[in-house]
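Reading the structure
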Amino acid sequence: MITDETRTTLLRRAALNNAAWCDAVCRAHGLSPRYDGEQLWFSARRTPPMYPDAVTLEPGVPAASVVRADDTGSPGCSVKDSFADLDLAGAGFEVLFEAQWIHRPAGAPLPEAEAAGPEWSEVSGAEELAAWEAAFDGGEGIEGDGPFRPALLGEGIVFLAGRAGGRIVAGAVASTGGGVVGVSNLFGAAWAGVLDAVAARWPELDVVGYEHGEDLEAAVRAGFTPIGPLRVWLFTE
């Protein structure tokens, strides 16, 4: 049973981890995001596709502070409301989706891998990263400039690839920050292989992330516990 105090601590760590990953993506694109104390991570310029312009790091961050930090003058501005406690509707935002933060303690039993599952390894080099991105996007290509740059391949960030017949069929990103490992960009029903790889590299760290719908159900089956809601707001005016 997770106490309220422990839950809040885990939520803060999950939010900080996610902000660190967003920060790395932005810096790989030449942006210079910042932290507003311990309350907010934000980029004053529009972020790459699929990435928020701001992430709240504490509950109770004033909505006005979040809006002032954002680049609402260009299309696609979004805010990750990590504690689902903002009301940005009056500032021209609409809720894009809601999800649940998830948590899995270090040392928890690993889910059983499929007997004929893919073989897992870490992506190495720009060519493998391009292949990983193509598999992540279903081979159709991300519209515009994709978010994953070779500069992301480094300490604390690992792109995991599950291969079958030499082709990438599953994958995820694992990144450290906030005292935990965050798993994001999961594809190919890959929890068993991803958690095994994460446990081998960072056995002492809890694992966090966020999911919704059927993906949340799959995470729960893999041993995660939902610990709290989040929202993503999109500027629409």
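The rules behind these values
- Residues numbered from 1 in each chain as written.
- Predicted model: local features only at pLDDT ≥ 70, side-chain atom pairs only at ≥ 80, totals over all residues.
- Heavy atoms only, no water.
- Helix = DSSP H or I, 4+ residues; strand = E, 2+ residues; numbered from the N terminus.
- Rg over C-alpha atoms; globule rule 2.2 N^0.38 Å.
- Buried < 20%, exposed > 50% of the residue type's maximum accessible area, 1.4 Å probe, protein only.
- Areas by Shrake-Rupley, 256 points an atom, 1.4 Å probe, with all protein chains shown as cover.
- Lys, Arg positive; Asp, Glu negative; His and termini not counted.
- Charge placed at Lys NZ, Arg CZ, Asp CG, Glu CD.
- Contact = heavy atoms within 4.5 Å.
- Pairing = 2+ DSSP bridges.
- Axes fitted to C-alpha atoms, helices over the stretch in contact; angles between N-to-C directions.
- Salt bridge = Lys/Arg side-chain N within 4 Å of Asp/Glu carboxyl O.
- Right-handed = clockwise from strand over helix to strand, strands pointing away.
- Phe/Tyr/Trp six-rings, centres within 6.5 Å; stacked < 30°, edge-to-face > 60°.

Let us look at the overall build of the chain. Broken down by element type, the chain carries five helices and eleven strands. For 237 residues, the compact-globule estimate of 2.2 N^0.38 gives 18 Å, and the C-alpha radius of gyration of the chain, at 17 Å, lies within 12% of that figure. For the chain, the spread of C-alpha atoms along the three principal axes comes to 50 × 45 × 30 Å. Across the 237 residues that make up the chain, the buried fraction comes to 46%. Per element, the accessible surface of the chain, about 11400 Å² overall, is 49% carbon and sulfur. Both charge centroids of the chain, one from 16 positive and one from 34 negative side chains, sit 4 Å from each other.

What follows covers the environment of Leu216. As for its position among the elements, Leu216 is in helix α5 (residues 213-221). Judged by its relative accessible area of 18%, Leu216 is buried. It is 8.3 Å that separates the C-alpha atoms of Leu216 and Ile102, two residues lying 114 residues apart in sequence. Here Leu216 is in contact with Gln100, Ile102, Glu211 and Pro226, once residues within four sequence places are set aside.

Let us now look at the environment of Ala135. Mapped onto the fold, Ala135 is located in helix α3 (residues 126-136). The sequence separation of Ala135 and Ala222 amounts to 87 residues, and the corresponding C-alpha distance is 23 Å. Excluding its chain neighbours within four sequence positions, the residues that come into contact with Ala135 are Ile168 and Phe187.

A few words on the sheet that holds strand β10 (residues 207-211). Spatially, the eleven strands line up as an open sheet ordered β1-β2-β3-β4-β11-β5-β10-β9-β8-β7-β6, and their pairing is mixed. Of all the strands in the sheet, just β1 (34-36) and β6 (119-122) have a single pairing partner and so form its edges. This sheet shows a mean twist of 25° between the axes of neighbouring strands, independent of strand direction. Pairing of strand β2 (residues 40-42) with strand β3 (residues 54-56), which is carried by three bridges, proceeds in the antiparallel orientation.

The subject of this paragraph is the pairing of strand β5 (residues 93-104). Note that β5 and strand β11 (residues 225-235) share ten bridges and pair antiparallel. Looking at β11, one finds that Glu94 is bridged to Leu234. Pairing geometry for β5 and β10, over five bridges, is antiparallel. Each bridged residue has a counterpart across the sheet, and for Trp101 the counterpart in β10 is Tyr210.

This brings us to the pattern of salt bridges. The full count for this structure, using the stated rule, is seven salt bridges. Residue Asp81 is joined to Arg231 by a salt bridge in which the shortest nitrogen-to-oxygen separation is 4.0 Å. On the criterion of sequence distance, the pair formed by Asp81 in strand β4 (residues 78-81) and Arg231 in strand β11 is long-range, its members being 150 residues apart. Residue classification places Arg231 among the partly exposed positions, given a relative accessible area of 22%. For Glu128, the salt bridge identified is with Arg163, shortest N-O distance 3.6 Å. Pair noted here: Glu128 is in helix α3 and Arg163 is in strand β7 (residues 157-164), with a separation of 35 residues, a long-range link. Overall, the relative accessible area of 30% leaves Glu128 in the partly exposed class.

Let us now look at the pairing of strand β9 (residues 180-187). In terms of burial, β9 is largely enclosed, as seven of its eight residues are buried. Bridge analysis of β9 against β10 gives two bridges, and the strand direction is parallel. In the strand pairing of β10, Gly182 is matched with Val208. Regarding topology, helix α4 (residues 191-201) serves as the crossover connection from β9 to the parallel β10, and that connection is right-handed.

In this section: the packing of aromatic side chains. In total, this model carries 13 aromatic pairs according to the counting rule given. Judged by centre distance (6.2 Å) and plane angle (65°), the ring pair of Trp21 and Tyr51 falls under edge-to-face. Of this pair, Trp21 sits in helix α1 (residues 4-28) while Tyr51 sits in the loop between β2 and β3, placing them 30 residues apart in sequence. Plain terms: the ring middles of Phe136 and Phe187 are 5.8 Å apart, the flat faces sit at 70° to each other, and that makes the pair edge-to-face.

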